[in-house]
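A structural walkthrough
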Amino acid sequence: MEKRKHRRLFVRNMQIDVSDGIGCCTGIVRDISRVGLCLADMAKRFGKNMDTYTVVATNENRRFKFRVRPRWEQVGPVSKRMGVEIPDPPSQWTEFVL
């Protein structure tokens, strides 16, 4: 049963650059909502035990930069998928999602 408050939208061609303040990693965005992202194809070792990340999401000619908090992660053999929350989404992001 789905317990999400906000509807998820699947996206294509959205790249992600993530920094934990020490290193950075690239990946892709699988789905989005007004207050969250599902990040995929991230380096397996990236961001262990971190509370916040800085994210830059790029889709065609649009760029969005925000701070996120990790909510869950699934580690695979060579990469991981991660769900993150956007505590203070910028208005441009909200408009894009709607």
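One structure accompanies this document, and this report is about it.

Definitions and cut-offs
Residues numbered from 1 in each chain as written. Predicted model: local features only at pLDDT ≥ 70, side-chain atom pairs only at ≥ 80, totals over all residues. Heavy atoms only, no water. Salt bridge = Lys/Arg side-chain N within 4 Å of Asp/Glu carboxyl O. Helix = DSSP H or I, 4+ residues; strand = E, 2+ residues; numbered from the N terminus. Buried < 20%, exposed > 50% of the residue type's maximum accessible area, 1.4 Å probe, protein only.

Let's talk about the pattern of salt bridges
Applying the stated criterion across every chain yields a total of 4 salt bridges. Glu85 is paired through a salt bridge with Arg71; the nearest N and O atoms lie 3.7 Å apart. Note that Glu85 is positioned in strand β7 (residues 79-85) and Arg71 in strand β6 (residues 62-75), a separation of 14 residues in sequence. A salt bridge links Glu73 to Lys80; the nearest nitrogen and oxygen atoms lie 3.2 Å apart. Taking the relative accessible area as the measure of exposure, Glu73 reaches 40% and is therefore partly exposed.

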